[in-house]
Amino acid sequence: MNSRKNVYIAYTGGTVGMKETPDGLQPARDHLQQLMDNMPEFRAEGMPNYFIHEYDPLLDSSNMTPNEWIKIAEDIRDHYSNGERQYDAFVVIHGTDTMAFTASALSFMLENLGKPVLVTGAQIPLCQPRNDARMNLITTLQICSEMTVPEVCVYFNGELLRGCRATKAHADQFKAFESPNFPPLGRVGTCIKINWALVRQPDPHKSMLYMTIHHPVIASIRLFPGIDSKVVSHILQPPLRGLVLETFGVGNAPSSNRALMEALRQGNESGIVIVNVTQCFSGTVNQDGYETGSGLAKVGVISGYDMTCEAALTKLYFLLSRGFSIEKVKHLMQENLRGELTPESERAPISPLLPI
Ligand code: ASP
């Protein structure tokens, strides 16, 4: 009897299966499947059965758009409980450049997941002698084989990260991803260790629910000293529906720039959802900490707390696609939907920033 688990691999592209060309690395058709077929370790004891669906075209993830997130999410939905084979887990092979966006988007689009969706990739392709692709692929498949972590995760370089908490932090290291505001769900050394206390579990009485996204126009702006209010007011125009504002420190902006604050106020009043996330690598927004932060709250900017920019952007796409009122979108942006932000009950109490 074959007791191996069945894993569906959505191979979207990325460095893992790329080949060297005169223009640099590019995805190549059938290449990854052939390489994996010729490596006995992928058929070894403890590995699951896997089926690779190679996307056409294979993409460098810098070319991904929300249309590709929909394609991946629908692919998972279509193979989740239908089809000739019952799949136990899903692996998305993806380029690293926009992996954190896709992982965040999938987290929102696939509600009440009961099966793992592990997104992985590599910094060096499998065809090169020294690479991280081999270990990332093997370990991702082994995690699928040995345990059920029913979340969208990023597996990379020995760490299993919640997908909507991950961010690409290192351009040229094997440790490409970090989860700055939430501990890894698992670590892989000589053993695979999952921190089960952190893993979200589905409601067993409900099925997995796929929700699509439309393509509302959204944007992000990273504040910098000297930013001209005209740049911001030009962006805050129809058809824009949401803006992620990357602010200084704990969520501060140049409040003495009256024209800038007025542009934000008008943007909010015109129905644009403006979300405050910090441009610091880690930590949370606290709009009550400084006058420069509370000024943002006064003009209607809402806190994104400790969300990554990727999570805030994809959550905006998701919520603005639901047909909710602006007030409901604003409310849900500040609520914890998939573990993407630390809920109020678990936030450290807000104390004065300076000792009294
Ligand atoms: N440019 C590649 C991509 O994102 C980088 C990688 O896969 O690591 O597809």
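Refer to the structure printed above.
Residues numbered from 1 in each chain as written. Predicted model: local features only at pLDDT ≥ 70, side-chain atom pairs only at ≥ 80, totals over all residues. Heavy atoms only, no water.

Peer 1: Teacher, can you tell me more about the overall build of the protein here?
Peer 2: Within the protein, the regular secondary structure consists of 9 helices and 18 strands. Relative to the compact-globule value of 21 Å for 356 residues, the protein shows a C-alpha radius of gyration of 21 Å, a close match. Each principal axis of the C-alpha atoms in the protein carries an extent, and together these give about 70 × 50 × 40 Å. Here the protein holds 356 residues, and the buried ones make up 54% of them. Looking at the protein alone, contacts between residues at least 24 apart form 73% of all its contacts between residues at least 6 apart. Summed over all atoms, the accessible surface of the protein reaches about 16,200 Å², with 52% contributed by carbon and sulfur. On the protein, the mean spot of the 31 positive side-chain charges and the mean spot of the 37 negative ones are 3 Å from each other. (Helix = DSSP H or I, 4+ residues; strand = E, 2+ residues; numbered from the N terminus. Rg over C-alpha atoms; globule rule 2.2 N^0.38 Å. Buried < 20%, exposed > 50% of the residue type's maximum accessible area, 1.4 Å probe, protein only. Contact = heavy atoms within 4.5 Å. Areas by Shrake-Rupley, 256 points an atom, 1.4 Å probe, with all protein chains shown as cover. Lys, Arg positive; Asp, Glu negative; His and termini not counted. Charge placed at Lys NZ, Arg CZ, Asp CG, Glu CD.)

Peer 1: I tried to follow the site of the ligand on my own but got confused; where do I start?
Peer 2: Every residue close to the ligand is listed here: Gly14, Thr15, Asp60, Ser61, Gly95, Thr96, Asp97, Ala122 and Gln123. Here an oxygen atom of the ligand sits 2.5 Å away from a polar atom, N or O, in the side chain of Thr96. The contact in question runs from a nitrogen atom of the ligand to an N or O atom on the side chain of Asp97, over 2.8 Å. (Near = heavy atom within 4 Å. Polar contact = N/O pair within 3.5 Å; in protein donor to acceptor, adjacent residues only side chain to side chain.)

Peer 1: Looking at this model, I keep getting lost on the pairing of strand 3 (residues 24-27). Mind explaining?
Peer 2: Two faces belong to every sheet, and in a regular strand the side chains alternate between them. The pairing of strand 2 (residues 18-21) with strand 3 spans 4 bridges and is antiparallel. Within strand 3, the residue paired with Met18 across the bridge is Pro27. The loop that links strand 2 with its antiparallel partner strand 3 comprises 2 residues. (Pairing = 2+ DSSP bridges.)

Peer 1: How should the packing of helix 3 (residues 99-109) against helix 8 (residues 309-320) be read in this particular structure?
Peer 2: Each packed pair of helices is defined by two parameters, the angle between the axes and the distance between the axes. Helix 8 packs onto helix 3 with a crossing angle of 40 degrees between their chain directions and a minimal axis gap of 9 Å. The orientation of helix 3 with respect to helix 8, classified from their angle, is oblique. Crossing hand, helix 3 versus helix 8: right-handed. Across the interface between the two elements, Ala100, Phe101, Ser104, Ala105, Phe108 and Met109 from helix 3 touch Glu310, Ala311, Leu313, Thr314, Lys315 and Phe318 from helix 8. Residue composition of the contact of helix 3 with helix 8, by class: 8 nonpolar, 2 polar and 2 charged. (Axes fitted to C-alpha atoms, helices over the stretch in contact; angles between N-to-C directions. Parallel < 35°, antiparallel > 145°, perpendicular 65-115°, else oblique. Left-handed = near helix turned anticlockwise from the far one by under 90°. Nonpolar A, V, L, I, M, F, W, Y, C, P; charged D, E, K, R; others polar.)

Peer 1: Where do I start with the pairing of strand 8 (residues 152-156) in this structure?
Peer 2: Here strand 8 lies mainly inside the structure; 5 of its 5 residues are buried. On strand 8, burial covers both faces: Val152, Val154 and Phe156 on one face and Cys153 and Tyr155 on the other are all buried. Pairing geometry for strand 7 (residues 117-120) and strand 8, over 3 bridges, is parallel. Across the sheet, residue Val119 finds its bridge partner in strand 8, namely Val154. Looking at chain direction, strand 8 and strand 9 (residues 159-162) are connected through 4 bridges and run antiparallel.

Peer 1: Looking at this structure, I do not really get the environment of Ala89. What am I missing?
Peer 2: Structurally, Ala89 can be placed in strand 5 (residues 89-93). On the accessibility criterion, Ala89 (0% relative accessible area) is buried. Sequence-wise, Ala89 and Asn131 are 42 residues apart; in three dimensions their C-alpha atoms are separated by 25 Å. With residues near it in sequence (within four places) discarded, Ala89 still touches Asn6, Val7, Tyr8, Pro116 and Cys144.

Peer 1: Is there a simple way to think about the sheet that holds strand 8 in this case?
Peer 2: Strand pairing in a sheet relies on backbone hydrogen bonds. The paired strands run either parallel or antiparallel. Spatially, 8 strands are ordered 4-1-5-7-8-9-12-13 in an open sheet, and the strand pairing comes out mixed. Of all strands in the sheet, those bounded by a partner on one side alone are strand 4 (49-59) and strand 13 (192-194). Taken pair by pair, the neighbouring strands of this sheet meet at an average axis angle of 20 degrees, ignoring direction. Together, strand 5, strand 7 and strand 8 form the strand contacts of helix 3, whose direction differs from that of strand 8 by roughly 155 degrees.

Peer 1: Is there a simple way to explain the environment of Asn136 in this structure?
Peer 2: Relative to the elements of secondary structure, Asn136 occurs in helix 4 (residues 133-146). For the pair formed by Asn136 and Asn157, sequence separation is 21 residues and the distance between their alpha carbons is 6.4 Å. If we skip the residues at most four places from it in the chain, Asn136 touches Thr120, Gly121, Ala122, Tyr155, Phe156 and Asn157. Looking at Asn136, its side chain comes within polar contact range of the main-chain nitrogen of Asn157, at 3.1 Å.

Peer 1: Sorry if this is basic, but what is going on with helix 7 (residues 291-298) here?
Peer 2: Turning to helix 7, its buried residues are Gly293, Ser294, Gly295 and Leu296. Where helix 7 ends, the next residue or the one after it, Gly300, has phi of about 100 degrees, a positive value.

Peer 1: For this particular structure, what's the right way to read the packing of aromatic side chains?
Peer 2: Each aromatic ring pair is summarised here by two numbers: the centre-to-centre distance and the angle between the ring planes. Applying the stated criterion across every chain, the model contains 9 aromatic pairs. Ring plane angle 75 degrees and centroid distance 6.3 Å describe the contact between Phe42 and Tyr50, whose orientation is recorded as edge-to-face. This pair shows no difference in class: Phe42 is buried, exactly as Tyr50 is. We note Lys115 situated over the ring of Tyr80; from NZ or CZ to the ring centre the distance is 4.8 Å. Lying across the ring of Phe324, Lys328 places its NZ or CZ 4.4 Å from the centre. (Phe/Tyr/Trp six-rings, centres within 6.5 Å; stacked < 30°, edge-to-face > 60°. Lys NZ or Arg CZ within 6 Å of the ring centre and 35° of its normal.)

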